[in-house]
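Below are the chains, spelled out letter by letter.
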Amino acid sequence: QVQLVESGGGLVQPGGSLRLSCVASGSIFSFNVMGWYRQAPGKQRDLVAYITPGGSTNYADSVKGRFTISRDNAKNTVYLQMNSLKPEDTAVYYCKYSRKAYDAWGQGTQVTVSS
């Protein structure tokens with residue numbers, strides 16, 4: 001079992017920045033894919049970005065050029081740096097661990113972008 005704990009969410013004005021962190025613990029294997037997803041009220045949960053064990057990344061079109069995903073394997077931590085935030089980025093952000101057929105999710109952290 002893998003446990004994930006997200007942090008770093010909060011209220012920020014449009015144009016501002018936040019950095020989310022996700023710490024993994026438990027039976028962690030090195031060769032895993034880590035990702036960030038988000039879910040706004042009344043909408044489905046969508047992929048924001050993911051990063052492979054080798055550091056390759058992929059982003060949703062809506063966040064390209066504004067968000068950066070990174071990982072520190074020694075700390076079992078994945079980050080999401082969010083810049084130039086917009087009101088439409090408001091959502092609960094979830095961290096996801098994937099390895100072969102196994103997935104684990106964090107409890108989510110709220111990000112609200114509002115003036």
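Residues numbered from 1 in each chain as written. Predicted model: local features only at pLDDT ≥ 70, side-chain atom pairs only at ≥ 80, totals over all residues. Heavy atoms only, no water.

**Some remarks on the state of the cysteines**
We count it as follows: Pairs of cysteine sulfur atoms within 2.5 Å are identified as disulfides in what follows. Helix and strand assignments follow DSSP, with helices taken as H or I runs no shorter than four residues and strands as E runs no shorter than two, numbered in order from the N terminus. The cut-offs for exposure are 20% and 50% of the maximum accessible area for each residue type, with area from a 1.4 Å probe on protein chains only; residues under the lower value are buried, those over the upper are exposed, and the others partly exposed.
In the structure shown here, the tally under the stated rule is 1 disulfide. For Cys22, the disulfide goes to Cys95, at an S-S distance of 2.1 Å. The disulfide joining Cys22 to Cys95 has a torsion of about -80° about its S-S bond and is therefore left-handed. One end of the pair, Cys22, is in strand E3 (residues 18-26); the other, Cys95, is in strand E9 (residues 91-99), with 73 residues separating them in the sequence. For the pair formed by Cys22 and Cys95, the shared burial category is buried.

**Considerations on the sheet that holds strand E1 (residues 2-7)**
So the rule is basically this: At least two DSSP bridges between two strands are required for those strands to pair. Angles here are taken between N-to-C directions and fall from 0 to 180 degrees, while the axes themselves are lines fitted to C-alpha atoms, restricted in helices to the stretch in contact.
Sheet architecture is open: 4 strands sit in the order E1-E3-E8-E7, paired in antiparallel fashion. Across the chains shown, the open sheet's two edge strands, defined by having one partner strand only, are E1 and strand E7 (67-72). The average angle at which neighbouring strand axes cross in this sheet is 15°, direction not considered. Of the pairings in the sheet, the one linking E7 to strand E8 (residues 77-82) comprises 6 bridges and is antiparallel in character.

**Considering unusual backbone geometry**
For Asn76, which is not a glycine, the phi torsion comes out positive at approximately 50°. Overall, Asn76 belongs to the partly exposed group, its relative accessible area being 33%. At Lys100, a residue that is not glycine, the phi angle is positive and equals roughly 55°. Tracing the sequence through the fold places Lys100 in the loop between E9 and strand E10 (102-105).

**Here's the deal with the nonpolar core**
Definition in use: In plain words, nonpolar cores are sets of buried Ala, Val, Leu, Ile, Met, Phe, Trp, Tyr and Cys residues tied together by side-chain atoms within 4.5 Å.
Core analysis: the largest hydrophobic core is formed by 27 residues, its most contacted members being Leu4, Trp36, Leu80, Met82 and Tyr93. For this core, the elements supplying multiple residues, two or more each, are E1, E3, strand E4 (33-39), strand E5 (46-51), E7, E8, E9 and strand E11 (109-113).

**Remarks on the pattern of salt bridges**
So the rule is basically this: Take a side-chain nitrogen of Lys or Arg and a carboxyl oxygen of Asp or Glu: if they are within 4 Å of each other, that pair is a salt bridge.
Counted according to the given criterion, the structure contains 4 salt bridges. As a salt-bridge pair, Arg38 and Asp89 come within 2.9 Å of each other at their nearest N and O atoms. With Arg38 in strand E4 and Asp89 in the loop between E8 and E9, this residue pair connects regions lying 51 residues apart in the sequence. Here Arg38 falls in the buried class, since its relative accessible area comes to 14%. We classify Asp89 as buried; its relative accessible area is 0%. Among the ionic pairs, Asp61 bridges to Lys64, the shortest N-O distance being 3.1 Å. Ionic contacts of the salt-bridge type, sharing partners, join the residues Arg38, Arg66 and Asp89 into one network.

**A closer look at the packing of aromatic side chains**
For clarity, the cut-off: Only rings of Phe, Tyr and Trp enter the pairing, Trp through its six-membered ring, and a pair is recorded when the two centres are within 6.5 Å. The plane angle decides the type: under 30 degrees is stacked, over 60 is edge-to-face, the rest tilted.
Per the counting criterion, the structure on display carries 3 aromatic pairs. Judged by centre distance (4.9 Å) and plane angle (65°), the ring pair of Tyr37 and Trp105 falls under edge-to-face. Here Trp105 lies in strand E10 and Tyr37 lies in strand E4, a separation of 68 residues in the sequence. Note on Tyr94 and Trp105: the rings are 6.5 Å apart at their centroids and 85° apart in plane angle, and the pair reads as edge-to-face. On the criterion of sequence distance, the pair formed by Tyr94 in strand E9 and Trp105 in strand E10 is long-range, its members being 11 residues apart. When its relative accessible area of 35% is taken as the criterion, Trp105 is described as partly exposed.

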